[in-house]
Structure formats: C-alpha cells, structure tokens
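A closer look at the structure
Chain by chain, the residues run as shown.
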Amino acid sequence: MARTRVVRNGEGAVVAPWRVKSSGDLSDGRFDLMVGEVPYRSGPPLHRHEDQEDTFYVLEGVLTVQGDDEIFEAGPGDFVTFPPGVAHTFDNLEPGQPPVRVLNIMTPGGYDRAIAAFNELGAQMADLAKAQAAGKRFKVEIVGPPIHEKLS
C-alpha cells in the first residue's frame, strides 16, 4: 500500500555531495530527488545518461552549466534539464563563492548508486578508462573533462 513519506530538513542519506531525499529504491524507480552543494571547481566530467533525464534547480549561488557545446550560468530560481543522450556537466566556477546549493531530480531513479560508485573511485576518477568503466554499469558515458578543466 502506498504511504506518505516525509523527509525533514537535514534528513536523507548522504551520497557526497548530495543529500538524497528520495531515491529510485524509495520511489519504485520513478525518480531520485537530491539536494547538494557544489564547492568551487568540484563538478563532474562531461557525461551523458542513456536513460535518465537530469534536472537542476538552483537554490543559491551561480552554477556554470554545459549542455552539449553551450556553456551558460544558472542562478537562483533557474531550472535546467538535460534529456537522455545530451552531454552535460556543471560546476561552481566563481572564486570565493560559497558552495552552490542545487536541487537535482533524476528520472527514472537509481542514479544515487552511480554517484556512490564514482565516489568510491575518488582520485581515480581522473583516469578516464576507470571512470568510463564505472559509468558503463549505470548507463552513463563519460565524454569529456570537467568544465573547470575545459575552461582553464
């Protein structure tokens, strides 16, 4: 039987840098909802999801975003969504800016497991072959460097 689920402020599993308010495991695979903070120059490599739509709503700060070849800034109240197959990445590129607070929704859900796998790689994420192998397990293709490397 379906039940109401309440996740209070500060609650939810932590899969750095995200606090998972709902995962695919908790939503019958329908979606993930995560709130995260993106520290300076910490964004992921350029990647695309085979099956998932990746959606961001900026809560605080300025997030630099890349979708395919377009690079732009998103500020508080801005909404950005990447359909499956669109290469994308994001980062906090403003020196001295606190971490950018972002709401992230993935549909269908289950991407929290991919983030955990990438976190386990740690510094080895810089090894493109290892990052691609980890991504392949979750139908994610790493197609380029993080935006902070591209714009350096």
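Scroll up for the structure.
The following refers to the structure shown. What you see as residue numbers is a count from 1 along each chain, following the sequence as written. Restriction of local features to residues with pLDDT of at least 70 applies here, the model being predicted, together with a cutoff of 80 or more for giving and counting side-chain atom pairs; totals for whole chains, interfaces and linings are based on all residues. Working from all heavy atoms in the structure, the side-chain values ignore hydrogens and water.

1. Section: the nonpolar core
Formally: Here, nonpolar core refers to any group of buried Ala, Val, Leu, Ile, Met, Phe, Trp, Tyr and Cys residues whose side-chain atoms link them within 4.5 Å. Any residue under 20% of the maximum accessible area for its type is buried, any over 50% is exposed, and the rest in between are partly exposed; the area is computed with a 1.4 Å probe on protein chains only. Secondary structure elements follow DSSP: runs of H or I of four or more residues count as helices, runs of E of two or more count as strands, with numbering from the N terminus. Residue contacts are defined here by distance: any two heavy atoms, one from each residue, within 4.5 Å place the two residues in contact.
Membership of the largest hydrophobic core comes to 25 residues, with the highest contact counts inside it found for W18, L63, V65, F90, V102 and Y111. Considering each element in turn, this core owes the most residues, five residues, to helix α1 (residues 111–121). Those residues in contact with V65, other than ones at most four positions away along the chain, are E70, I71, F72, A74, V80, F82, T89, F90 and I147.

2. Focus on unusual backbone geometry
Peptide bonds are mostly trans, and most non-glycine residues show a negative phi. Residue A16 is joined to P17 through a cis peptide bond whose omega torsion reads 0°. Mapped onto the elements, P17 comes out in the loop between β1 (13–15) and β2 (18–22). For the peptide bond that leads from T107 to P108, omega is -10°, which places it in the cis range. With respect to the secondary-structure elements, P108 resides in the loop between β10 (100–107) and α1. We note that D28 has phi near 55°; this positive angle belongs to a residue other than glycine.

3. Some details on a nonpolar patch on the surface
The cut-off we apply is this: Patch membership needs two things, relative accessible area over 30% and no salt bridge, and members are linked within 9 Å if like-charged or within 5 Å if nonpolar (Val, Leu, Ile, Met, Phe, Trp, Tyr). Areas reported here follow the Shrake-Rupley algorithm with a probe of radius 1.4 Å; residue values treat only the protein chains shown as occluding. Each salt bridge in this description consists of a side-chain nitrogen of Lys or Arg and a carboxyl oxygen of Asp or Glu lying within 4 Å of one another.
A cluster of nonpolar side chains, namely Y57, L59 and F79, defines an oily patch on the protein surface of about 290 Å² accessible area. Tracing the chain through its elements places F79 in strand β8 (residues 79–82).

4. What about the environment of M106?
Relative to the helices and strands, M106 is located in strand β10. Relative accessible area serves as the criterion here: at 0%, M106 is assigned to the buried category. Sequence separation between M106 and V62 is 44 residues; the distance between their C-alpha atoms is 21 Å. Discounting chain neighbours no more than four positions away, the residues touching M106 are R30, F31, D32, M34, H49, Q52, E53, D54 and Y111.

5. Quick word on the packing of aromatic side chains
Quick note on the threshold: Between rings of Phe, Tyr and Trp, where Trp is taken as its six-membered ring, a pair exists when centres lie within 6.5 Å; planes separated by under 30 degrees are stacked, by over 60 edge-to-face, and by other angles tilted.
If you walk through the whole model with that rule in mind, you get three aromatic pairs. With a centroid separation of 6.4 Å and an interplanar angle of 65°, the aromatic rings of W18 and F90 are classed as edge-to-face. Here the residue W18 occupies a position in strand β2, and F90 occupies one in strand β9 (residues 88–91), the gap between them amounting to 72 residues. Ring geometry for F56 versus F90: centroids 4.8 Å apart, planes at 55°, classification tilted.

6. With respect to the sheet that holds β10
Under the convention used in this document: Two strands pair under a simple rule: DSSP has to find at least two bridges between them. To get an axis, a line is fitted to the C-alpha atoms, and for a helix only the part in contact is used. The angle between two axes follows their N-to-C directions and goes from 0 to 180 degrees.
Taken in spatial order, the six strands line up as β1-β2-β3-β10-β5-β8 in an open sheet, and their pairing is antiparallel. Strands with a single pairing partner mark the edges of an open sheet, and in this sheet they are β1 and β8. Put simply, the sheet's adjacent strands are angled 25° from each other on average, direction ignored. In the sheet, β1 pairs with β2 via three bridges, with the strands oriented antiparallel. When the bridges of β2 are listed, V15 appears paired with W18. Strands β1, β2, β3 (32–38) and β10 of the sheet are contacted by α1, whose axis makes an angle of about 50° with β1.

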